[in-house]
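Here's the letter readout for the chains.
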Amino acid sequence: MTANEDGGEDRHEDQLTVDERTATTYRRTFLKGSAAALGASAIPVSAVRASTEDGNNDERRRTPDTARSSEGMVSTVHPQATAVGVDVLQNGGNAIDAAVAVQFALNVTQPHGSGIGGGGFMLVYVAEEDELYAIDNRERAPLGATADMFLDDQGEPIPFEKRITLGEAVGVPGTLRACDVVLKRFGTQELSKLITPGIELASGACPVTVDEHLASVIQEEQSKFNDAARSVFTPGGTPLKAGETLVQEDLAETFRQIKNKGIGAFYGGEIASATAGVVQKHGGSMTEKDLARYNVTIDHPDVGEYGDLTVRTQSLPSSGGLTIAQILQLLEKLDLRQYGRRSPETYHALIEAFHLAYADRGEYMGDKALVDVPWQGLLDEEYVDQRRSLINFESADLAEVKPGNPWDHQPGQPYRIVAQNESNTAPSERTNQKRAASSLQSDLGQTTHFTTADSEGNLVSWTSTIEQFFGTGIMVPDHGFMLNNELTDFDAKPGGPNEVEPTKRPLSSTSPTIVFKDGAPFMTVGSPGGKTIITTVAQIILNVAEFGMSPAEAIAEPRLYDDVDPEVIWEPGLPSEARQQLQALGHEFADEPMPLGNAQAIFAQDGAYLGVADGRRDGSVVGL
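About the thresholds
Here the residue index of a chain counts from 1 through its sequence in written order. For this predicted model, a pLDDT threshold of at least 70 governs which residues receive local features, and a threshold of 80 or more governs which side-chain atom pairs are given and counted, while totals over whole chains, interfaces and linings are taken from all residues. To get the side-chain values, take all heavy atoms of the structure and skip hydrogens and water. A run of DSSP states H or I qualifies as a helix once it reaches four residues; a run of E qualifies as a strand once it reaches two. Both are numbered from the N-terminal end. Contacts: residue pairs with any heavy atoms within 4.5 Å of one another. Note on areas: Shrake-Rupley, 1.4 Å probe, and residue coverage restricted to the protein chains presented here. Pairs were defined over the aromatic rings of Phe, Tyr and Trp, the Trp ring being its six-membered one, requiring ring centres within 6.5 Å. Orientation was assigned from the angle between planes: stacked under 30 degrees, edge-to-face over 60, tilted for the rest. Remark: exposure states derive from per-residue accessible area (1.4 Å probe, protein chains only) relative to the maximum for the residue type, with buried under 20%, exposed over 50%, and partly exposed in between. DSSP-based pairing: two strands are paired if at least 2 bridges between them are found. Only the stretch in contact is used when fitting a helix axis, every axis being a line fitted to C-alpha atoms; angles between N-to-C directions are given from 0 to 180 degrees. A side-chain nitrogen of Lys or Arg and a carboxyl oxygen of Asp or Glu constitute a salt bridge if their distance falls within 4 Å. The nonpolar core is taken to be a set of buried Ala, Val, Leu, Ile, Met, Phe, Trp, Tyr and Cys residues, with the residues joined through side-chain atoms within 4.5 Å. In this description, the arc belongs to the directions extending from the helix axis to the C-beta atoms. For every residue, the predictor assigns a confidence score, pLDDT, that lies between 0 and 100.

Draft legend 1. Local environment of the overall build of the protein chain. Looking only at helices and strands, one finds 22 helices and 19 strands in the protein chain. Counting contacts in the protein chain only where the partners sit at least 6 residues apart, residues at least 24 apart contribute 74% of the total. Split by element, the accessible area of the protein chain, about 22,400 Å² in all, is 46% carbon and sulfur.

Structure representation (structure tokens):
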């Protein structure tokens, strides 16, 4: 069956015209190949188990969930959200329709990770056009934002733990606008239809059970809740526990208003008034005008290459695209395959490449609408060769490396601002500061990623967020959705490319990615994790491209993370012998391992899709 463009009643394929049937058949050849014999069978977990060391039984890194199908695929972090997306595909919707329905469902089942009070980035591959679009729905600073709004009376940054709860931390939300725009441009069904499962979940008509992850986050974050949030997540002063039912009637009613009146009900009127009001109550400047003027941008992604793969990732204000591309470019000529994936040499190269790329990231990157970024210079072959030459396999030298000067390799001259290494703030003052424990925690989770595919070859890779778990902790009273704290992604101290400015989008690490091979989509991938998203996605791509791992192995493989800080964060499974050798080179390791990211991916293989949901949380992937 196929859906009418106006979302009306579907028609059976035998009711289509000859031209329509021919076009449908042509588009679906993308997936057919040998897939007929594969059907939609799930692959047994035992068949894809990846080997591990030093923590192979750690329950925080379980074997990925996998499924194979020729008709479509949905991979999310929650089974009920996955089921909602699959139902849309089964009832004639395309991958874009399914992704929007999943977004609303996740707002209910994972209210701590994303929702209409936040924003994000998404990539949409439109098979009929053979074109990839980047939908930027990043939150924006309100018109009243000031460069010094995160400084105290002494001109010092407000402590991060307090900063994330302030009204000033709330950016103008973009998720709902993105849902509306992508449906009108690429979808086949109406938003009013796709929000309905979210209403059923929020109202309790389709019960949502609190899982272990949500219960633990409520317990950890309850101290920052306002009264509205406490009434939902800690009723009577007691945090909801795993196994209890989560009912969000105010959110259900907000969804009903959006269903009946469209997104104008959110960006204007009663809901906008309530949103601006509660932000101002907590010290922020957001107004109804800020909400009314918000819009997404549609752009083309950044492009990097590794071997025969073309990696297309979100462009600025997400630093993911440029930084992943630079990391992969730094690593490709090192021929890491000769050493092995878990060798000290490979880990050493990763850590040093991370140091180099993050030094440049912090020095040069910001919202490209307001900042001139030397993106060509950052990826210039001669410049990358110069930076790579700093990697010494005999010692760890780059933990405090300074940014390079890509402007020497950038055509022309800066046209909006001077190169940041010529600014009044020295690079080392902004980019090479010791990572505080609080900022470390902010790097490690919080956000959600999901991905969808349909039988016509359309793909969506969407990372959606309200920043920290439960954002600011501020729920809009009587409307049931949490507000983000995305503006804490700006630098607290003014002077760099990522300083606060009105209408500006804060720098992000969000990296929804679609990888191409031989000109065709090969893999969608993304992850939550703050700044660790970049290294998670880069390592998954490296695992596939350099080390020939299967999709499940590539995602299960233990990860590590570093930026401009000497301390390396590592996962269970990273061999103790390798750590000892790396420490002998001069690397510093955190005392204890911790999970990094939670990737969701879909691979196009042999005429079918192979979906993978990370085992680090309770990911769920289902094929039609």
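Draft legend 2. Spatial organisation of the packing of aromatic side chains. With the rule as written, the count across this model stands at 13 aromatic pairs. Both rings, one in Phe225 and one in Phe233, keep their centres 5.7 Å apart while their planes meet at 45 degrees; by these two values the pair is tilted. Neither residue differs from the other here; Phe225 and Phe233 are each classed as buried. Ring geometry for Phe266 and Tyr267: centres 4.9 Å apart, planes at 75 degrees, overall edge-to-face. Overall, the relative accessible area of 4% leaves Tyr267 in the buried class.

Draft legend 3. Expanded view of the sheet that holds strand S2 (residues 72-76). Strand order in the open sheet formed by 7 strands is S7-S4-S3-S11-S10-S2-S19, and the pairing between neighbours is antiparallel. Strands with a single pairing partner mark the edges of an open sheet, and in this sheet they are strand S7 (297-299) and strand S19 (620-623). Averaged over all adjacent pairs, the angle separating strand axes in this sheet is 10 degrees, with direction ignored. In terms of strand pairing, strand S3 (residues 119-126) meets strand S4 (residues 131-137) through 7 bridges, oriented antiparallel. The partner of Leu123 across the bridge, within S4, is Ala134.

Draft legend 4. A look at the pattern of salt bridges. Within the structure shown, the criterion is met by 24 salt bridges. In this structure, the salt-bridge partner of Glu139 is Arg138, at a minimum N-O distance of 3.8 Å. On the basis of relative accessibility, which here comes to 0%, the residue Glu139 falls in the buried class. Note on Arg138: relative accessible area 2%, which makes it buried. Note that Glu557 and Arg342 form a salt bridge whose closest N and O atoms lie 2.7 Å from each other.

Draft legend 5. The arrangement of the nonpolar core in detail. By size, the foremost hydrophobic cluster in this structure holds 79 residues, and its most contacted members are Phe104, Ile135, Leu176, Phe233, Phe255 and Trp462. Of all the elements, helix H3 (residues 95-109) adds the most residues to this core, at 11 residues. In this view, Phe255 contacts Phe104, Asn107, Val108, Ile116, Ile195, Gly198 and Ile199; residues no more than four positions away in its chain are not counted. With 57 residues, the next largest nonpolar core counts Leu334, Ala353, Leu542 and Ala601 among its residues.

Draft legend 6. Layout of the pairing of strand S8 (residues 302-306). Alternating residues of S8 divide into Asp302, Gly304 and Tyr306, all buried, and Val303 and Glu305, none buried. Relative to strand S9 (residues 309-313), S8 runs antiparallel, the two sharing 5 bridges. By the bridge assignment for S9, Val303 is matched with Arg312. Hairpin connection from S8 to S9: 2 residues lie between these consecutive antiparallel strands, with Gly307 at a positive phi of about 60 degrees.

Draft legend 7. Structural view of helix H22 (residues 576-585). The set of residues buried in H22 consists of Ala578, Arg579 and Leu582. The arc that holds the buried residues of H22, viewed along the axis, is 100 degrees, so those residues lie on one side. Facing away from the buried side of H22 by more than 90 degrees, the exposed set consists of Glu577, Gln580 and Ala584. Elements in contact with the buried residues of H22: helix H15 (344-364), strand S15 (567-570) and strand S16 (588-589).

Draft legend 8. How the structure looks around the confidence of the model for the protein chain. With 85% of its residues at a pLDDT of at least 70, the protein chain reaches an overall mean of 87. Throughout residues 1-57 the model reports pLDDT below 50, and contacts reaching past four residues in sequence, or to other chains, amount to 99 contacts.

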